[in-house]
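Given next are the chains, with one letter for each unit.
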Amino acid sequence: MGTALAQCPLGKIAHYEKLRVSPHKMELSSSNNSFNVGLLTMKLQSSSSYTIMSKGYNGRIFALPDVEDFSWEEVPLPILDMVENPIHLKNLSPKELKQLADEIRLELSVIISKKEKAFKASLAAVELTVAIHHVFHAPMDKILWDMGEQTYAHKILTGRRALMHTMREKDGISSFTSRSESEYDPFGSGHGCSSISAGLGMAVARDIKGKRDRIVTVITNATTMAGQVYEAMGSAGYFDSNMVVILNDSHKTLHLKLDESSKTPINALSSTLSKFQSNKSFRKLREAAKGVTKRIGRGVHELAAKVDEYARGMIGPLGSTLFEELGLYYIGPVDGHNIEDLISVLREVASLDSMGPVLIHVITDENHKVADNFKTETAIKQQEDPHDSALPCRIHQKTYSDCFVEALVMEAEKDTEIVTVHAGMEMEKSLQIFQEVFPDRFFDVGLAEQHAVTFSAGLSCGGLKPFCVIPSTFLQRAYDQVVHDVDRQRIPVRFVITSAGLVGSEGPTQCGAFDITYMSCLPNMIVMAPSDEEELVHMVATASHVNDRPVCFRYPRGAIVGVNSTASNGVPIEQIGKGRILAEGKDIALLGYGSMVQNCLKAHSVLSKLGIEVTVADARFCKPLDINLIRQLCENHAFLITVEEGSIGGFGSHVAQFIALDGQLDSKIKWRPIVLPDMYIENASPDEQLSYAGLTGHHIAATALSLLGLTREALLLMC
């Protein structure tokens, strides 16, 4: 039996008539048949199904069923259905809170899995989230999260349950915390690492204003790789403001094989010690002892502090004294799935005033399951049956990242000096291929972009050829290192800027809008972008042969241009800064940069049907510019349009600077730039975002028609 799950907002009426299943999506269309539903399980008889197997595809396709093929059963969520905001948690017993956590975990498993994004971090943090909202009083108390991926339970409990299905969609809710979205989100989570700094600022502001609200920040293993976390902890210890830092430790590590013995243990002893450490009386006694030793003398105080640190280091887990050294009082480890322990510790900590910053070490498991007595057979099937849970089968399309890794592997096989350094929130799966082929030549440093850049510079100084792979939005965090540790010293680091341009459902948080601008203003940097996968392969080869200065190239997310593109050996571009003409015409010239060359070709096709002859050129390089190509376009055309998927100040600005100084704007040429609008573009599909930004082929064609004085035709084209 195939099983599909559908969820509707609480109290809404759902209208269903038939189920349409394709390899790409599942749709429910409406009719007059209506049901009052909370979380419904729909069972689909698979009598009319078959299996299809081909290269790159393996899945079951279901024929369109009749209405009688459906049967429905409601999965009861009695406690969750009563919770509209955190105040409804206050009077729940520990047993009811545990059931609430199970209900949230089940609902998350259904909703978020359909978004095809990682959500294990939120599943791991369910009990922790419930305990935080049970003890603290948001929104008066400020609760900050370092990572958006762990906030989905928080969103459900703070009035956004009915909107969870809109996450990452156009006009839907954000997958991160957002100040504009809810009063329960006091600070927006973006790239991580910021919650302690922002929380400390709020705590200091609270102290200056004489308020008494509590500040709680939740960080993860991933964000502890970044230096800002430790800078903020050091400041928190120095300022001694009252705040709570919760380390949600789910044993994430950059090591491929984590030794089980190195994991922090959770047992009855650790639970007892955590409660003792957080005990109000013990904390007051400890603070009183500190005061006494200070009055006796500095030597006695320092000796007592060392004894205290040594004793706590003996009973605490490995590394716990690091937080003590930074000035945070360490409590832990605490079982992150034990509601009673979490509430006990959090209540004690919440009751303390003017005791300084506290760090609570919470151990969670991303694979933690719903309680056996709460699971339904349907829920088990949805979670564990790879066929049923993946009913909307999806054919993998080859991406730019796939092509890049294939090309890099080929270059690395020929050149043993090539190494790869990766930094950012999440490593793309395609990079694992390089890691498997060359395990000793691949370095993943996690959320440590600054370190990645300078580390790459050191590798280059040591005689290697580093390819530093960082998403555009994360490279921003390491800009000072790019400027001073690489470009100023002309060190040949090869920057591979991934996720360039618009990124669809990830919205402005992961959007790579600014790299063309901030990389092309550097004096020694070679800046290039491929127009398709073949150009990408050649640019990998080109970068591997540049040994006298830094070089960067960008590529977007998503599928490549060709359908059956196969890996080929890259050929270095003969002349750095040399563009190319792809189509010639006499009426208007389109000069595209990077992936926007393809949309220029689409505009060419549209305009050709209207009898307009268009030249399409691929700039390839933003720096150095192909000034001969630009002169040729200006001299042979009355109109020039530059197109890029980047912010103001990028490729078009470099072209404008040249043609202005070269005197081209003094003659007949009229120039228009098409760039990303000067704003952050919210979640939507990639096509919707491109349309909103005015970067589709039709938008480019309409701009050309307007320049040619064909305003009516331009308007008709956009209708």
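The numbering scheme is per chain: residues are counted from 1 as the chain's sequence reads. Confidence filtering applies because this is a predicted model: local features only for residues at pLDDT of at least 70, side-chain atom pairs given and counted only at 80 or more, and all residues used for totals across whole chains, interfaces and linings. Water and hydrogen atoms play no part in the side-chain values, which are based on all heavy atoms of the structure.

A.B. asks: Explain the pattern of salt bridges residue by residue, including any values.
C.D. replies: Basic side-chain nitrogens of Lys or Arg form a salt bridge, by our definition, when they fall within 4 Å of a carboxyl oxygen of Asp or Glu. Going through the model one piece at a time under the given rule, you end up with 22 salt bridges. We note a salt bridge from glutamate 127 to arginine 105, for which the minimum N-O separation is 2.8 Å. Of this pair, glutamate 127 sits in helix 3 (residues 126-135) while arginine 105 sits in helix 1 (residues 94-111), and the two are 22 residues apart along the sequence. Across the pair, arginine 105 and glutamate 127 agree in class, each one buried. Across the pair arginine 580 and aspartate 618 runs a salt bridge whose closest N-O atoms are separated by 3.1 Å. Of this pair, arginine 580 sits in strand 21 (residues 580-583) while aspartate 618 sits in strand 23 (residues 614-618); the two residues are 38 residues apart in sequence, bridging distant segments of the chain. What emerges from the salt-bridge pattern is a single network uniting Lys155, Arg160, Glu181 and Asp185. Secondary structure elements follow DSSP: runs of H or I no shorter than four residues count as helices, runs of E no shorter than two count as strands, and numbering proceeds from the N terminus. Note on exposure labels: buried denotes an accessible area under 20% of the residue type's maximum, exposed denotes more than 50%, and partly exposed covers the range between, all computed with a 1.4 Å probe on protein chains only.

A.B. asks: Summarise the environment of leucine 582; cite the residues concerned and give the values.
C.D. replies: Looking at where leucine 582 falls in the secondary structure, it is placed in strand 21. For leucine 582, a relative accessible area of 35% translates into the label partly exposed. Between the alpha carbons of leucine 582 and leucine 601 there is a distance of 8.6 Å; along the sequence they are 19 residues apart. For leucine 582, the residues in contact, after removing those within four places along its chain, are Val597, Leu601, Val616, Ala617 and Asp618. Any two residues whose heavy atoms approach within 4.5 Å at even a single point are treated as in contact.

A.B. asks: Report on the packing of helix 21 (residues 596-609) against helix 25 (residues 697-707), specifying residues and quantitative values.
C.D. replies: Axes here mean lines fitted to C-alpha atoms, for a helix over just the part in contact, with angles spanning 0 to 180 degrees between N-to-C directions. Running from N to C, helix 21 and helix 25 cross one another at 60°; their axes reach a closest spacing of 8 Å. As far as their axial angle goes, helix 25 and helix 21 are oblique. Seen along the crossing, helix 21 lies across helix 25 with a hand that is right-handed. Contacts from Asn599, Cys600, Lys602, Ala603, Val606 and Leu607 of helix 21 reach helix 25 at Gly697, His698, Ile700, Ala701, Ala704 and Leu705. Here the contact of helix 21 with helix 25 is composed, by residue class, of 8 nonpolar, 3 polar and 1 charged. Should an angle fall under 35 degrees it is taken as roughly parallel, and over 145 as roughly antiparallel, whereas 65 to 115 is taken as roughly perpendicular and any remaining angle as oblique. Note on convention: near helix rotated counterclockwise from far helix by under a right angle means a left-handed crossing. Clockwise means right-handed. Ten residue types, Ala, Val, Leu, Ile, Met, Phe, Trp, Tyr, Cys and Pro, are classed as nonpolar, four, Asp, Glu, Lys and Arg, as charged, and the remainder, Gly among them, as polar.

A.B. asks: Would you mind going over the sheet that holds strand 22 (residues 588-592) in detail, with residue names and values included?
C.D. replies: A pair of strands is treated as paired once DSSP finds two or more bridges between them. Spatially, the 5 strands line up as an open sheet ordered 21-23-22-25-26, and their pairing is mixed. Either end of the sheet is taken by a strand with one partner, and the two such strands are strand 21 and strand 26 (670-674). The mean inter-strand angle of the sheet, taken between neighbouring strand axes irrespective of direction, is 25°. Summarising the sheet, strand 22 and strand 25 (residues 639-643) pair through 4 bridges and their orientation is parallel. Residue pairing in the sheet places alanine 589 in a bridge with leucine 640 of strand 25. The strands touched by helix 25 within the sheet are strand 22, strand 25 and strand 26, with strand 25 carrying the most contacts at an inclination of about 155°.

A.B. asks: Describe the layout of surface pockets, naming the residues involved and giving the relevant values.
C.D. replies: Picture a little ball the size of a water molecule; that probe, rolled over the atoms, points out where space is still empty. Using a 1 Å grid laid over the protein atoms alone, points where a 1.4 Å probe fits but cannot get out form a cavity; open sets with protein on both sides within 12 Å along at least 5 of 7 lines form a pocket; any residue with an atom within 4 Å of a point counts as lining. Grid points are joined across faces, edges and corners, and a volume is the space filled by probe spheres set on the points. Quantified by volume, the second largest pocket comes out at close to 900 Å³. In this structure, the second largest pocket is lined by 38 residues; those nearest its centre are Pro508, Thr509, Tyr680, Ile681 and Glu682. Only helix 18 (507-510) and helix 24 (686-693) provide two or more residues apiece to the lining of the second largest pocket. For the lining of the second largest pocket, a count of residues per class yields 15 nonpolar, 15 polar and 8 charged.

A.B. asks: Give me the pairing of strand 25: which residues, what numbers.
C.D. replies: The element strand 25 is largely enclosed, with a buried count of 5 among its 5 residues. Across the two faces of strand 25 the burial is the same, with Phe639, Ile641 and Val643 and Leu640 and Thr642 all buried. Looking at chain direction, strand 25 and strand 26 are connected through 5 bridges and run parallel. Within the sheet, the bridge partner assigned to valine 643 lies in strand 26 and is isoleucine 674. Taking the sense of rotation as the criterion, the β-α-β connection linking strand 25, helix 23 (residues 651-661) and strand 26 turns out right-handed. The handedness rule is simple: strands pointing away from the viewer, and a clockwise path from the first strand over the helix to the second, make the crossover right-handed.

A.B. asks: Just give me the short version of the sheet that holds strand 11 (residues 215-220), but keep the residues and values in it.
C.D. replies: Backbone hydrogen bonds are what pair the strands of a sheet, in a parallel or an antiparallel way. The 5 strands are arranged 10-11-12-14-13 in an open sheet whose pairing can be described as parallel. Taken across any chain shown, the strands that pair with only one partner, and hence form the sheet edges, are strand 10 (142-145) and strand 13 (329-335). Put simply, the sheet's adjacent strands are angled 20° from each other on average, direction ignored. Strand direction decides the pairing type here: strand 13 and strand 14 (residues 358-363), joined by 5 bridges, are parallel. For isoleucine 331, the partnering residue across the bridge sits in strand 14 and is isoleucine 360. Set on the sheet, helix 3 makes contact with strand 10, strand 11, strand 12 (244-249) and strand 14; between it and strand 10 the angle comes to about 160°.

A.B. asks: Could you give an account of empty space enclosed by the protein, naming the residues involved and the relevant values?
C.D. replies: The tally for this structure, following the rule as stated, stands at 7 cavities of 30 Å³ or more. In this structure, the largest cavity spans a volume of roughly 80 Å³. Lining the largest cavity are Arg206, Arg214, Ile215, Asn242, Met243, Val244, Val349, Ala350, Leu352, Met355, Gly356 and Val358.

A.B. asks: Which residues make up the packing of helix 1 against helix 4 (residues 152-160), and what are the values?
C.D. replies: Viewed as axis vectors pointing N to C, helix 1 and helix 4 meet at an angle of 110°, and their least axial separation amounts to 10 Å. Taken together, the axes of helix 1 and helix 4 are roughly perpendicular relative to one another. Between helix 1 and helix 4 the crossing geometry is right-handed. Residues Leu100, Ile104, Glu107 and Leu108 of helix 1 lie in contact with helix 4, whose contacting residues are Tyr152, Ala153, Ile156 and Leu157. Here the contact of helix 1 with helix 4 is composed, by residue class, of 7 nonpolar, no polar and 1 charged.

A.B. asks: Run through helix 25, naming residues and quoting values.
C.D. replies: Across the 11 residues of helix 25, 8 count as buried, placing the element largely inside the fold. Among the residues of helix 25, Gly697, His699, Ile700, Ala701, Ala702, Ala704, Leu705 and Leu707 are the ones counted as buried. Taken together, the buried residues of helix 25 touch strand 22, helix 21, strand 25, strand 26, helix 24 and helix 26 (711-718). Following helix 25 by one or two positions, glycine 709 adopts a phi angle in the positive range, close to 85°.

A.B. asks: Which residues make up the nonpolar core, and what values go with them?
C.D. replies: Only buried residues count toward a nonpolar core. Its members are Ala, Val, Leu, Ile, Met, Phe, Trp, Tyr and Cys residues joined through side-chain atoms within 4.5 Å. Of all hydrophobic cores here, the largest spans 68 residues; its most connected members are Leu475, Phe495, Met519, Leu591, Leu640, Phe651 and Val655. Per-element tally for this core: the top contributor is helix 23, with 5 residues. One finds Val126, Leu128, Tyr152 and Val349 within the second-largest nonpolar core, a separate group that totals 51 residues.

A.B. asks: If you had to explain unusual backbone geometry to someone new, which residues and values would you point to?
C.D. replies: Cis rather than trans, the peptide bond between alanine 138 and proline 139 has omega equal to 5°. Here proline 139 shows up in the loop between helix 3 and strand 10. Looking along the chain, the bond that leaves lysine 623 and enters proline 624 is cis, with omega of 0°. In this structure, aspartate 240 is a non-glycine residue whose phi angle is positive, near 60°. Tracing the backbone shows aspartate 240 in the loop between helix 6 (227-239) and strand 12. Here aspartate 240 falls in the partly exposed class, since its relative accessible area comes to 45%. The backbone phi angle of arginine 620 is positive, close to 65°, even though this residue is not glycine. The exposure class assigned to arginine 620 is buried, which follows from its relative accessible area of 13%.

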